[in-house]
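Summary of the model geometry
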Amino acid sequence: YDGTNWTPSNDSSSSSIEFIYIGHGESNAYSNSPHGSGNITSSSDLYVYDTSPTNTITGATISSTNNWVSSITLPSGNYIVSGQTRLEFSSSGYAAYAFYDSSNNVLSQMGVIGTNRSTYGGAGDLAYSIIELSSQTTIKLRIQAMNGLDTGANQGNTPSEHGIIIIEKLS
């Protein structure tokens, strides 16, 4: 718009979007993750499997063990974060999870999965938010609440094949 009329013009944007993409649907048993084969609790960290995560955010680092991503360290700035997982249940239940910082402060709305999620009516299965970081911050996915989750040994490949984290830098 030139102030009077809509007129054709070239896109003057030369910058590209910086982003992180983790979770390409590869198969690996969750018992191989840092969680191991034990019980999953309402304060367990969640791990996302990826043998070659994409990271184009300048100054960001991805921490992993045996290709299981445990956390992402982001420089100061504004970001859209989204994360999703799928887990196995031993009975009808639910798992609510969100992004946390390294001091275990909640940074995002929660995602909820499972067959018995009525307690969280209206919540989707995506942990999602815009986060504003004033300094370098390490973030992770973590369970907020759960019921009926199976052990790490019985998760099989489900978390590795369905876990995903996408982070887009806004500024």
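Up top is the structure.
The structure contained in this document is the topic of the report that follows. Just so it is clear, the structure is predicted and the values come from calculations on it, not from any experiment.

Rules used throughout
- Residues numbered from 1 in each chain as written.
- Predicted model: local features only at pLDDT ≥ 70, side-chain atom pairs only at ≥ 80, totals over all residues.
- Heavy atoms only, no water.
- Salt bridge = Lys/Arg side-chain N within 4 Å of Asp/Glu carboxyl O.
- Helix = DSSP H or I, 4+ residues; strand = E, 2+ residues; numbered from the N terminus.
- Buried < 20%, exposed > 50% of the residue type's maximum accessible area, 1.4 Å probe, protein only.
- Core = buried A, V, L, I, M, F, W, Y, C linked by side-chain atoms within 4.5 Å.
- Contact = heavy atoms within 4.5 Å.
- Phe/Tyr/Trp six-rings, centres within 6.5 Å; stacked < 30°, edge-to-face > 60°.
- Pairing = 2+ DSSP bridges.

On to the pattern of salt bridges. Across all of its chains, the model carries two salt bridges by this definition. Residue K140 is joined to D45 by a salt bridge in which the shortest nitrogen-to-oxygen separation is 3.6 Å. Residue K140 is located in strand β11 (residues 137-149), and its partner D45 is located in strand β2 (residues 45-46); the two are separated by 95 residues in the primary sequence. Exposure remark for K140: the relative accessible area of 15% places this residue in the buried category. For R142, the salt bridge identified is with D45, shortest N-O distance 3.9 Å. On the criterion of sequence distance, the pair formed by R142 in strand β11 and D45 in strand β2 is long-range, its members being 97 residues apart. R142 gets classed as buried once you look at its relative accessible area, which sits at 13%. Accessibility expressed as a relative area gives 22% for D45, which makes it partly exposed.

I20, I72, L74, Y79, L141, I165 and I167 are the most contacted members of the largest nonpolar core, which has 30 residues in total. Secondary structure elements with two or more residues in this core: β1 (19-22), β3 (48-49), β6 (68-74), β7 (77-84), β8 (89-101), β10 (127-133), β11 and β12 (164-169). In contact with L74, other than residues within four places in its own chain, are I20, I57, A60, Y79, L133, S135, Q136, T137, I139 and I167. Ranked by size, the runner-up nonpolar core spans five residues in total, among them Y94, A96, V112 and Y120.

With that out of the way, let us pick up the packing of aromatic side chains. One pass over the full model with this rule turns up four aromatic pairs. Measuring from ring centre to ring centre gives 6.5 Å for Y30 and Y47, while their planes differ by 50°; the resulting arrangement is tilted. Residue Y30 is found in the loop between β1 and β2, and its partner Y47 is found in the loop between β2 and β3; the two are separated by 17 residues along the sequence. Connected via pairs of aromatic rings, a cluster forms that spans Y30, Y47, Y49 and W68.

Attention shifts here to the pairing of β6. Of all the seven residues making up β6, six are buried; the element is thus mostly covered by neighbouring parts of the structure. Pairing analysis gives two bridges linking β3 to β6, with the strands arranged antiparallel. Following the sheet pairing, Y49 is matched in β6 by W68. When strand β5 (residues 61-65) meets β6, the two strands line up antiparallel, connected through five bridges. Looking across to β6, one finds that T65 is bridged to W68. Between the antiparallel neighbours β5 and β6 lie two residues, among them N66 with a positive phi of about 50°. Alignment of β6 against β11, held across three bridges, turns out to be antiparallel.

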